Amino acid sequence: MLDLVVRRFMRHKLAVAGLVVLAVLILSAILAPVITMDPDALSVSERKQGPSLWHPFGTDEAGRDIFARTLHGGRISLTIGLAATLVALAIGTALGAAAGYFGGVLDALLMRLTDAFLCFPQLFVLIVLGTLINATALRFLQGSIVPIAVVIGVLSWMGLARLVRATFLSLKEKEFVEAARAAGGSNARIMLRHVLPGAVGPIVVQASLLVAASIITESGLSYLGYGVQPPTATWGNLLRDAQPHMQQLPVFAIAPGLMIFLTVISINFVGDGLRDALDPYGRR
Amino acid sequence: MAAFAIRRIVGAIPLLLFVSVAVFALLHAAPGGPTGAYMRRGSMNAADLAALEQKLGLNDPLPVQYGKWLGRVVQGDLGMAVTTKRPVAVEIMDRLPHTLTLMAVAWGATLLIAIPIGIFSAVRQYSKFDHAVTMLTFIGQSIPIFWFGLILLLVFYMRLENPITGEPLMPAGGVATMGAPFSLTDRIHHLLLPVTMLAAGWVAWYSRFLRASMLETIHQDYVRTARAKGLSERLVILRHGFRNAAIPLVTLMALDVPFLFTGALFTEVIFAWPGMGRLFYAAAERRDYGLLMAIIMITSVLIVLANILADMLYAWLDPRIRLS
């Protein structure tokens, strides 16, 4: 089975290319402390320099190395993308499974909750939370990436919940589930061992796309000034820093955005490859 | 149809109440909440502040405050914007037309571009054109909208200039040249970059979606029947293929309304477009909680209405679907 999935994935050239680019990006984020200089080191004598051998992307208005800040920003942005997806995955799978498996009133209630979350204008709510964190006694959370990751996750589980619910609805009527129940399997066991594996394919695809979406959300929020706060660099707040200096330092405005773009397009290609590879009705 | 609409609107009320309770709690439970704007300006001493809190009813228990707020809202009173001392409703009505203009133009442009692309790449599946479109749609879907906006500014405002006048090729923002008399060309000139920024991503999503939807319909039996009747290929594709393939597109567009507002917010911030998104952004900076609350609620109502409208349109376009 796994063999087949790998073979079908490898046939999707763009997906393989995406995987390679993604690997390079992740590696550069992991190795950032080793291969770059200190991203927070100020240097008055080297302010707003163009690209050079020593500073490949130049320096910002405080003389900090933009290359170092871009790679370090990737650590934060990628971590938030993954963490937010894990949060959404946990909530979406649990609620979707419960709704689909038990049905009835619980299903109706959970689906209304899903509808309610779908009417939140996500970015607006995130900005409000950002102002609360920046401006109130919650300020102690300002430097932390945990609240942002959690909140993005809490606002983006709805698609997953609907997907998991739909799979559970169709699979719970199947004979193998009946057989498991006849053999004395508990509800929890049937859900986890017998039904959930049938939903793994679509969940993986959806989750991969959610990582990309979360990275965009985080960087957009940080770009607006309501996400991760400086001096911690993320791709989003680097773009915010770059905007006033775009005229003199175009590389500063191009590099962080290009990183977001490369990450997201690679993930989208990988997601597309996974969709084909995990499709039970696909070619062999 | 009317009965369906009424039932759905009534059904949406608990949903909107839930949203309002959540946002209200969020804004008011945080320490230093609604009076934050006054405190930051430092123009008030502690006694004045306490008096204001009394006047605004901020010392009541939260549920009582929420009840009072809701009572005012259902009577159409959205309260006052703390920082500008103007009614919230007036602030919003000033801005809403600009946002609607921007969205409508971007949306129209999107459909004009995405529909032919989607149809053509489905009809010529796996052709060079189709491959190029697939690649471009992946790019369009992956480009962060705010970065795209910055790049547009960098290229068309900062780098390129009008060869005759020597001025920047495109304006940096705003709806019209300051102080100039009204001119349609000037308005359009100011719309070009924001609309490009807003529409690029949508064109990618919708043409991709329409392509998939077209591929499904053009292999249906009724399309083969139409062809067997001897209809021209053009009629087969447009009347029998596209008309059916467009139905799911309607749903998709309605579900996308929240993203519309997100995109508009970034566009308005980057291109100094005086719409709702920019108003919201400014309200967040000034911590004007009354205004923030009102805009979130209006946006939620619009999202809910768009969904109901989509269901009705869906049933109207596809008679096989019954509203129940």
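Just so we're clear, the structure is a prediction, and the values are computed from it rather than from any experiment.

### Considerations on the packing of helix α1 (residues 2-11) of chain A against helix α11 (residues 250-278) of chain A
A pair of packed helices is captured by two measures, namely the crossing angle of their axes and the spacing between those axes.
Residue and element names in this part refer to chain A.
In step 1: Where α1 meets α11, the closest approach of the two axes is 8 Å, and the angle between their N-to-C directions is 135°. Between α1 and α11, the crossing angle belongs to the class labelled oblique. By crossing handedness, the relation of α1 to α11 is classed as right-handed. Contacts between α1 and α11 involve Val5, Arg8 and Phe9 on the former and, on the latter, Val270, Gly273, Leu274, Asp276, Ala277 and Leu278.
In step 2: Looking at the contact of α1 with α11 residue by residue, the classes come out as six nonpolar, one polar and two charged.

### Focus on the nonpolar core
In step 1: One finds Ile127 and Leu224 of chain A together with Met214 and Phe280 of chain B to be the most contacted residues of the largest nonpolar core, which totals 147 residues.
In step 2: With 13 residues, helix α13 (residues 289-317) of chain B is the largest single contributor of residues to this core.
In step 3: Both domain 1 (2-84) and domain 2 (89-317) of chain B contribute no fewer than three residues apiece to this core.
In step 4: Once residues lying within four places of it in the same chain are set aside, the contact partners of Met214 of chain B are Ile119, Ala122, Ile237, Gly241, Phe242 and Ala245 of chain B.
In step 5: Counting seven residues, the second-largest nonpolar core is a separate cluster that includes Val5, Ala15, Val205 and Val270 of chain A.

### Here we look at the domain arrangement of chain B
Residue and element names in this part refer to chain B.
In step 1: Assigned domains of chain B: these are domain 1 (2-84) and domain 2 (89-317).
In step 2: Once you take the C-alpha centre of each, domain 1 and domain 2 turn out to be 33 Å apart.
In step 3: With 23 residues of domain 1 at the interface, the matching set in domain 2 holds 20 residues.
In step 4: Buried area between domain 1 and domain 2, both sides added, is near 2000 Å², and the carbon and sulfur share of it is 72%.
In step 5: Remark: the boundary between domain 1 and domain 2 carries one salt bridge.

### Details of the packing of aromatic side chains
In step 1: Inspection of every chain in the model, using the stated rule, returns 14 aromatic pairs over all chains.
In step 2: On the basis of an interplanar angle of 20° and a centroid distance of 4.4 Å, the ring pair of Phe124 of chain A and Phe280 of chain B is categorised as stacked. Within this pair, whereas Phe124 of chain A is found in helix α5 (residues 122-135), its partner Phe280 of chain B is found in helix α12 (residues 276-286), the two belonging to separate chains. The same class applies to Phe124 of chain A and to Phe280 of chain B, which are both buried.
In step 3: Between Tyr223 of chain A and Phe146 of chain B the ring centres are 5.5 Å apart and the planes differ by 15°, which places this aromatic pair in the stacked class.

Analysis parameters
- Residues numbered from 1 in each chain as written.
- Chains lettered and ligands numbered in written order.
- Predicted model: local features only at pLDDT ≥ 70, side-chain atom pairs only at ≥ 80, totals over all residues.
- Heavy atoms only, no water.
- Axes fitted to C-alpha atoms, helices over the stretch in contact; angles between N-to-C directions.
- Helix = DSSP H or I, 4+ residues; strand = E, 2+ residues; numbered from the N terminus.
- Parallel < 35°, antiparallel > 145°, perpendicular 65-115°, else oblique.
- Left-handed = near helix turned anticlockwise from the far one by under 90°.
- Contact = heavy atoms within 4.5 Å.
- Nonpolar A, V, L, I, M, F, W, Y, C, P; charged D, E, K, R; others polar.
- Core = buried A, V, L, I, M, F, W, Y, C linked by side-chain atoms within 4.5 Å.
- Buried < 20%, exposed > 50% of the residue type's maximum accessible area, 1.4 Å probe, protein only.
- Domains from an automatic or database assignment.
- Buried area = accessible area lost by both parts, 1.4 Å probe.
- Salt bridge = Lys/Arg side-chain N within 4 Å of Asp/Glu carboxyl O.
- Phe/Tyr/Trp six-rings, centres within 6.5 Å; stacked < 30°, edge-to-face > 60°.

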